[in-house]
Number of protein chains: 2
Amino acid sequence: MNGAGNLMDFLDEPFPDVSTYEDFHTIDWLREKSRDTDRHRKITSKSKESLWELIKSLLDAWSGWVVMLLIGLLSGTLAGVIDLAVDWMTDLKEGVCLSAFWYSHEQCCWTSNETTFDDRDKCPQWQKWAELMTGHAEGAGAYVLNYFLYILWALLFSFLAVSLVRVFAPYACGSGIPEIKTILSGFIIRGYLGKWTLLIKTVTLVLAVSSGLSLGKEGPLVHVACCCGNLFCSLFSKYSKNEGKRREVLSAAAAAGVSVAFGAPIGGVLFSLEEVSYYFPLKTLWRSFFAALVAAFTLRSINPFGNSRLVLFYVEYHTPWYMAELVPFILLGGLRRPLGDSLHPGQHRLVPAEEDHTAGKYPVLEVIAVTGITALLAYPNPYTRRSTSELISELFNDCGALESSQLCDYVNNPNMSRPVDDIPDRPAGPGVYNALWQLTLALIFKIVITIFTFGMKIPSGLFIPSMAVGAIAGRIGSGIAVEQMAYHHHDWIIFKNWSAACLGESHRRLEYIVPLMAAAVTSKWVADAFGKEGIYESHILLNGYPYLDVRDEFTHRTLATDVMRPRRNDPPLAVLTQDSTTVEDVETLIKDTDYNGFPVVVSRESERLIGFVQRRDLTLAIKNARQKQDGVVSSSVVYFTEDAPQLPASNPQPLKLRRILNLSPFTVTDHTPMETVVDIFRKLGLRQCLVTRSGRLLGIITKKDVLRHMAQMMNQDPESIMFN
Amino acid sequence: MNGAGNLMDFLDEPFPDVSTYEDFHTIDWLREKSRDTDRHRKITSKSKESLWELIKSLLDAWSGWVVMLLIGLLSGTLAGVIDLAVDWMTDLKEGVCLSAFWYSHEQCCWTSNETTFDDRDKCPQWQKWAELMTGHAEGAGAYVLNYFLYILWALLFSFLAVSLVRVFAPYACGSGIPEIKTILSGFIIRGYLGKWTLLIKTVTLVLAVSSGLSLGKEGPLVHVACCCGNLFCSLFSKYSKNEGKRREVLSAAAAAGVSVAFGAPIGGVLFSLEEVSYYFPLKTLWRSFFAALVAAFTLRSINPFGNSRLVLFYVEYHTPWYMAELVPFILLGGLRRPLGDSLHPGQHRLVPAEEDHTAGKYPVLEVIAVTGITALLAYPNPYTRRSTSELISELFNDCGALESSQLCDYVNNPNMSRPVDDIPDRPAGPGVYNALWQLTLALIFKIVITIFTFGMKIPSGLFIPSMAVGAIAGRIGSGIAVEQMAYHHHDWIIFKNWSAACLGESHRRLEYIVPLMAAAVTSKWVADAFGKEGIYESHILLNGYPYLDVRDEFTHRTLATDVMRPRRNDPPLAVLTQDSTTVEDVETLIKDTDYNGFPVVVSRESERLIGFVQRRDLTLAIKNARQKQDGVVSSSVVYFTEDAPQLPASNPQPLKLRRILNLSPFTVTDHTPMETVVDIFRKLGLRQCLVTRSGRLLGIITKKDVLRHMAQMMNQDPESIMFN
């Protein structure tokens, strides 16, 4: 912290390094960028002075890559540990491995010599609780005991999870994605990415997933990775002292998180691209790439046999697709939105409700109740008892020759030996119809229970449950229905005409892009028809975060003058003059208002704008001057001009504050269309913008004003935007 | 075009629809956006008036998707036709199909019944020229005759190509990518995407590729697709009358072009993302996606059997990779830049040279000479005789059991029957060493000839030749060398330690991402060390286009005041006053200067800025007023104020021009760091920006000024930026 004496010695530095941001405030991207450029220049010029400084500058240049490496290693490790722990604890609800209690069911039988190929899931070392306690593996008694213990374990896990979150880290609940998007776009939420959040979220995520609740670990994993990023930022002042640079690291950490959550390093980079493209230099993309790569690699090294973990669901495409199959693909794409929306209301209803109603008052009770009901209903149905990711894996299977699943119980016709890539030509057996019933029940159960699960005070992602709902619907709808239609009507032209065009192996990748893209585009059209915002955007809106979405197009015909403050009947704008305000005036202004900063004008008469001064800088500078600079009293005049006039000795000493004055505040004219203003705020990451007409200051527009105006124009409650 | 009378009736419309842009000028993105919003609002409000207007508004809303569909269909069709034509004409240099002369070699033998599986390339219907003309298929005479005719055909094709380009469409030469990037970023080059360019580029591309020159068709295909996009823009006034909206379509067309050129619909979308993210709404991305999809699908339908066309090089990964293989991958990544640079100097030397030296004076002769030398040297070597894409395909093959290629002549050890996915364990046979020699010669030949080929006045892409150089180097280096090293030293730990970690099928996709990413990241580091700009950026720089690259980081400590004009000793800025300039003054100003527009100030004394007026609007408005408005003479005073004062009847009639005044010109203060100014120009797509200090106008910064300043700071010639 510089004293006021120092302040005056460095009048040429445009931005002093004296201020940070308050909690729940928006950062100023341009300012952060400018500060980093200054820092960088200082290091570069120093590096020519000595070898030590040169080494320091090289270390500084490489620190970005070092941080990426550390993030990749830690988030990959955590993801791997979480995977292993979830496996073990999920199986713990059913039984225990006698040879080593820390083995999961799969590992237990994997290491056993007595496992046969036909029934890999059964081995004597793995014992269900009933068998272990009573010696009876079969029978109604054993079933009830297992059922009871299954529920008990689930309740224990979820109780631990919700208690830990409540006591140690309230920010650890939910998926965290909306907050991370808001933080990346330039908002401060202190502690959201802290060490406690990291620790508690990791532990409670394992507990919550293992308890069998209808939630996914993907969103929380991204949050965990971002916490890792924030942790490593504190190692380098380059990142910890600059909120803009910190967000470069966080965006790469988010990419690493997506990479380990979905097994998609490139997808991870794309996730963080949105913010990257506006605020960060392109090299950030390369670093994200690197972090995502290291994370994926680390995860693979830790958990090499858990193939369903890394590549989330590996789908083998054995057969080409047929034109007819596009129809259900497009239907599914169209259904995605309504299905998703059936999960939304839960959010809309529960999240605000839980702040003032029963569920919100007793979050622990809520979690216990939902866990109990989930376990009670899930156990009897084989498709809901297992973990959701196992369910999805089975649904994605196409029925090969060795498949023992109920879903593959087709009546095989021994007279026909068609090649693999031909139209399936088998009638369904009784097992398939049985499975259809169970799947339908599972679909209803999943939709209902997910609505109640989402929004509870535990770490929970929505991706896996949504995907499960989609996969069940897909398997019921297209997988079985279309196949049987094709069997019974295989002379229909729609099933035939593309057979000839099937190009064999070499086109597979492109082949599958077409139906996926068709589904994605349809889904997009339907989503547009239903309304624009996604689930994360609704959550952001509900919490009143100041998030300017890239997707919001502003097409109304309002002007800056309609949005700026002061409004028509408001008191005039709080401004400072360049050479006629006293220290006392400034102190009164600071006391009476809570604005983040004040415009400085030539005089109250001319109102010509010369700059903008931050509240925080002003407070600090006056405090320092009062303490350290002789002769600065309440009646001292504050000068923002380049030179203070020579005053007679009898007058109080003037206070020169040009150094803390931002001489390039952002301005627009009062006639500027709001469309342009929104664009400027979004692309340049502004906090506020001054409004002038022919050089005279008229008012100010803050990010909050912009967001409130946008909400108003979309007929939403403008008061929902709570932060600046 | 509105008369001046109308002009005054619509004082409330901020931007009149009266002006377009001059050739070789930069567009103003904010203005185009604003104009489109106005148009959109007009249509929306009209749509409530009648059913017909409602239908029109719906048609307008869907026109974007219609254009995308048309672009996808046409560019896919053209790509398919070009593929088929190139196949046929490439084979025509060697021989002809007797059963149907329009069949290529492959098609000819494909349809023949006498083809055996072992030698699919040989069938009696396909005859080489010597066999057809003399009856002798073998022998030195036949070889020489075939050699001679091969060269003759090549010369004929390339002569036709260069002549057509010269006579009908000079813009059809080169790859077109640098110009398309510049156009997409907001520059006008009339005729560059015209109908003639489309036609001639399509025809000459076929000729140039068929002639066997070392060039690729990928870049030109993107240009062709963009021409299609421009063609369909003219169907809808929404796109043809708004240069911003036109670029939305062009960016999607570029995506479709990349999609058909590389068989990568998603890659296509990523290509156009750079511009999309700044200037276009996100929905453009979806449309690009759609266009790319339709194009890929159309291409597949036209040319279903040409599997090497759609997915450019389909590589089947049979075996997992080993840690040791990362080394050559990383080396190759590191080599990419020096190899690429060895192709660059050719560009640096040839392109400016050809404008004043021999080669440039006689472009036809140059093409003929290079074609002759290429054909002469390429024919004897089997790896250069065939088309470059066939060569790359062969290089990517791993040696399966059935492979008859020389590259796969390994000494098989009958005692060992290892599984496919094990470390190759075979010593190389004599064929491999022979192939190594030929490949080395081919590598040198390709590098040298590509340097001379690039920059000639024919359509030519650089991707395929660069890829060929990389693939040859890769095959020589890692494919063969590492393999043999592994054979001779297979106890080395580096070849062993990862075998255990090989995860089988399910990880393949991720498996291959790791080495590719490692190579890409290394390549990036080396590129950074060599200097920042890529081949397209150098080309843009050479041509003096005003292209503000996203990647250029500006970190110098200059201020707006250092860049703005007028400079210290320049004459003062040409400005208009709001109520004291006469029509004659304005006309003199327009005649004496060539600026794109003029700032309007309150008075010359106060210099307070009130707006900016476009030169073109001013010229048109005065011309119209002189013709149609009574009493407007040279001594009439021009008023930019809201109300003109009531003048005595004896005074000449005033001319009110507030309607053409842009009341929200972009301003920065003179203290604004250039870093911020560059950011603003880049992200908002500005043409110019006014510089003020406490409300007084000081100067102006244009895009050209910014680019020249950036060039100066990077020690480049600032005069190289030629356009505004």
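This one's a predicted model, so the numbers in the text were calculated from it and none came from an experiment.

(A) Quick peek at the overall build of chain A. A count of helices and strands for chain A gives 29 helices and 12 strands. Counting over 724 residues, chain A shows a buried share of 55%. Contacts spanning at least 24 positions in sequence make up 72% of the contacts within chain A whose residues lie at least 6 apart. Approximately 32,200 Å² of chain A is accessible, and the part contributed by carbon and sulfur atoms is 60%.

(B) Structural detail: the pairing of strand β11 (residues 688-693) of chain B. All names here are of chain B. Among the 6 residues of β11, 5 are classified as buried, and the element is accordingly described as predominantly covered. Summarising the sheet, strand β10 (residues 667-669) and β11 pair through 3 bridges and their orientation is parallel. Looking at the pairing, Thr667 lines up with Leu690 of β11. The β-α-β motif built from β10, the intervening helix α29 (residues 674-684) and the parallel element β11 has right-handed crossover chirality. Relative to strand β12 (residues 696-702), β11 runs antiparallel, the two sharing 6 bridges. For Leu690, the partnering residue across the bridge sits in β12 and is Ile700. In textbook terms, the turn of a hairpin is the stretch between consecutive antiparallel strands, and for β11 and β12 this stretch comprises 2 residues, one of which, Ser694, has a positive phi near 35 degrees.

(C) Molecular detail of the packing of helix α3 (residues 51-92) of chain A against helix α8 (residues 195-210) of chain A. All names here are of chain A. It is at 8 Å that the axes of α3 and α8 come closest, and there the two elements cross at 30 degrees. Note that α3 runs across α8; the crossing there is right-handed. Contacts between α3 and α8 involve Leu78, Ile82, Ala85, Val86, Met89 and Thr90 from the former and Leu198, Thr202, Leu205, Val206, Leu207, Val209 and Ser210 from the latter. Class assignment of the residues belonging to the contact of α3 with α8 gives a composition of 10 nonpolar, 3 polar and no charged.

(D) Representation of the environment of B:Met89. Counting through the fold element by element, B:Met89 comes out in helix α3 (residues 51-92). Discounting residues that sit within four places of it in the chain, B:Met89 has contacts with B:Phe157, B:Val206, B:Leu207 and B:Ser210.

(E) Up close: the pattern of salt bridges. One pass over the structure, following the stated rule, counts 40 salt bridges over all chains. Between A:Asp60 and A:Lys238 there is a salt bridge, and its shortest N-O distance comes to 3.8 Å. One end of the pair, A:Asp60, is in helix α3; the other, A:Lys238, is in helix α10 (residues 237-240), and 178 residues separate them in sequence. Each member of the pair A:Asp60 and A:Lys238 is classed as buried. In this structure, the salt-bridge partner of B:Arg696 is B:Glu607, at a minimum N-O distance of 3.6 Å. Of this pair, B:Arg696 sits in strand β12 while B:Glu607 sits in the loop between β5 (597-601) and β6 (609-614), placing them 89 residues apart in sequence. For B:Arg696, a relative accessible area of 31% corresponds to the partly exposed category. In this structure, a network of salt bridges that share partners links the residues A:Asp36, A:Arg39, A:Asp60, A:Lys238, A:Lys245 and A:Glu248.

(F) Spatial organisation of the packing of aromatic side chains. Residue and element names in this part refer to chain A. Counting across every chain of the model gives 29 aromatic pairs over all chains. Relative to Phe598, the ring of Tyr595 has its centre 6.5 Å away and its plane inclined at 70 degrees; by these criteria the two rings are edge-to-face. According to the relative accessible area criterion, Tyr595 is partly exposed, its value standing at 42%. Taken together, the aromatic side chains of Trp88, Phe101, Trp102 and Tyr103 make up a single cluster linked through ring pairs. The lysine or arginine in question, Arg385, covers the ring of Tyr379, its NZ or CZ lying 4.0 Å from the ring centre.

(G) Summary view of the UniProt feature "transmembrane region" (unreviewed entry) in chain A. Residues and elements named next belong to chain A. Here, UniProt's "transmembrane region" (unreviewed entry) annotation points to residues 62-82, 147-172, 193-215, 221-237, 249-273, 285-302 and 435-456. Within residues 221-237, the helical portion is 82% and the strand portion 0%, while the C-alpha atoms at the span's ends are 26 Å from each other. Annotation note: span residues 285-302, helix share 100%, strand share 0%, distance between end C-alpha atoms 26 Å.

(H) Region of the structure containing a nonpolar patch on the surface. On the surface, A:Leu51, A:Trp52, A:Leu54, A:Ile55, A:Leu58 and A:Leu59 cluster together into a nonpolar patch covering about 640 Å² of accessible area. Considering the arrangement of structural elements, one finds A:Leu58 in helix α3.

(I) Quick peek at the side chain of B:Asp60. Residues and elements named next belong to chain B. Judged by relative accessible area, which is 14%, Asp60 ranks as buried. In terms of polar contacts, Asp60 uses its side chain to reach the side chain of Arg39, at 3.1 Å. Once residues lying within four places of it in the same chain are set aside, the contact partners of Asp60 are Arg39, Ile43 and Lys238.

(J) Expanded view of the sheet that holds strand β8 (residues 655-656) of chain B. Residue and element names in this part refer to chain B. The strand order β4-β7-β8 describes an open sheet built from 3 strands, whose pairing is mixed. Either end of the sheet is taken by a strand with one partner, and the two such strands are β4 (581-582) and β8. Both β4 and strand β7 (residues 637-639) contribute to a ladder of 2 bridges, which runs antiparallel. When the bridges of β7 are listed, Thr582 appears paired with Val637.

(K) Looking closely at unusual backbone geometry. Between A:Arg565 and A:Pro566 the backbone carries a cis peptide bond, its omega angle lying at 5 degrees. Of note, A:Pro566 is situated in the loop between α25 (560-563) and β3 (576-577). For B:Ser694, which is not a glycine, the phi torsion comes out positive at approximately 35 degrees. Inspection of the secondary structure assignment puts B:Ser694 in the loop between β11 and β12. Taking relative accessible area as the criterion, B:Ser694 reaches 14% and is therefore assigned buried.

(L) Broad picture of the side chain of A:Arg608. The topology assignment puts A:Arg608 in the loop between β5 (597-601) and β6 (609-614). Within the buried core, A:Arg608 has no salt-bridge partner, and the shortest N-O distance to an opposite charge, that of B:Glu607, equals 8.8 Å. At 2.8 Å, the side chain of A:Arg608 forms a polar contact with the backbone oxygen of B:Ser694.

(M) Expanded view of the sheet that holds β5(B). Residues and elements named next belong to chain B. In spatial order, the strands read β3-β5-β6-β9; together these 4 strands make up an open sheet with mixed pairing. If you trace the sheet from one side to the other, it starts and ends with β3 (576-577) and β9 (661-662), each paired once. Looking at chain direction, β6 and β9 are connected through 2 bridges and run antiparallel. Residue pairing across strands places Val613 opposite Leu661, the latter belonging to β9. Strands β3, β5 and β6 of the sheet are contacted by helix α28 (residues 615-628), whose axis makes an angle of about 75 degrees with β6.

(N) Structural context of the state of the cysteines. All names here are of chain A. On inspection of all chains with the given rule, the structure shows 2 disulfides over all chains. Here Cys97 connects covalently by a disulfide to Cys108, the sulfurs 2.0 Å from one another. Between Cys97 and Cys108 the disulfide shows an S-S torsion of about 80 degrees. By sign, it is right-handed. Note that Cys97 is positioned in strand β1 (residues 95-97) and Cys108 in helix α4 (residues 105-111), a separation of 11 residues in sequence. The two residues Cys97 and Cys108 agree in class, both being buried.

(O) Examining the confidence of the model for chain A more closely. Residues and elements named next belong to chain A. When pLDDT is averaged along chain A, the result is 77; 72% of the residues meet or exceed 70. By mean pLDDT, helix α1 (residues 4-9) is the weakest element of chain A at 39, and α8 is the strongest at 95. Below pLDDT 50 for its whole length, residues 1-19 participates in 37 contacts with residues either more than four positions away or in separate chains. Counting interchain partners and residues more than four positions distant, the pLDDT-below-50 stretch residues 493-511 has 45 contacts.

(P) View of the packing of α3(A) against helix α11 (residues 243-262) of chain A. Residue and element names in this part refer to chain A. Axis separation between α3 and α11 bottoms out at 10 Å; the angle between their running directions is 35 degrees. The element α3 and its partner α11 pack so that their crossing is right-handed. Taking contact as the criterion, the partners of Val67, Met68, Ile71, Ser75, Gly76 and Ala79 in α3 are, on α11, Val249, Ala252, Ala253, Ala256 and Val260. Within the contact of α3 with α11, the residues separate by chemical class into 9 nonpolar, 2 polar and no charged.

(Q) A look at the environment of B:Ser240. Residues and elements named next belong to chain B. Take Ser240: it is sitting in helix α10 (residues 237-240). Placed 10 residues apart in sequence, Ser240 and Asn230 show a C-alpha to C-alpha distance of 8.3 Å. What Ser240 contacts, discounting residues up to four positions off in sequence, is Cys233, Ser234 and Arg246.

The rules behind each value
- Residues numbered from 1 in each chain as written.
- Chains lettered and ligands numbered in written order.
- Predicted model: local features only at pLDDT ≥ 70, side-chain atom pairs only at ≥ 80, totals over all residues.
- Heavy atoms only, no water.
- Helix = DSSP H or I, 4+ residues; strand = E, 2+ residues; numbered from the N terminus.
- Buried < 20%, exposed > 50% of the residue type's maximum accessible area, 1.4 Å probe, protein only.
- Contact = heavy atoms within 4.5 Å.
- Areas by Shrake-Rupley, 256 points an atom, 1.4 Å probe, with all protein chains shown as cover.
- Pairing = 2+ DSSP bridges.
- Right-handed = clockwise from strand over helix to strand, strands pointing away.
- Axes fitted to C-alpha atoms, helices over the stretch in contact; angles between N-to-C directions.
- Left-handed = near helix turned anticlockwise from the far one by under 90°.
- Nonpolar A, V, L, I, M, F, W, Y, C, P; charged D, E, K, R; others polar.
- Salt bridge = Lys/Arg side-chain N within 4 Å of Asp/Glu carboxyl O.
- Phe/Tyr/Trp six-rings, centres within 6.5 Å; stacked < 30°, edge-to-face > 60°.
- Lys NZ or Arg CZ within 6 Å of the ring centre and 35° of its normal.
- UniProt positions renumbered as here; feature names shortened; annotations may be inferred.
- Patch = residues over 30% accessible without salt bridge, like charges linked within 9 Å, V, L, I, M, F, W, Y side chains within 5 Å.
- Polar contact = N/O pair within 3.5 Å; in protein donor to acceptor, adjacent residues only side chain to side chain.
- Lys, Arg positive; Asp, Glu negative; His and termini not counted.
- Disulfide = S-S within 2.5 Å.
- pLDDT = per-residue confidence, 0-100.

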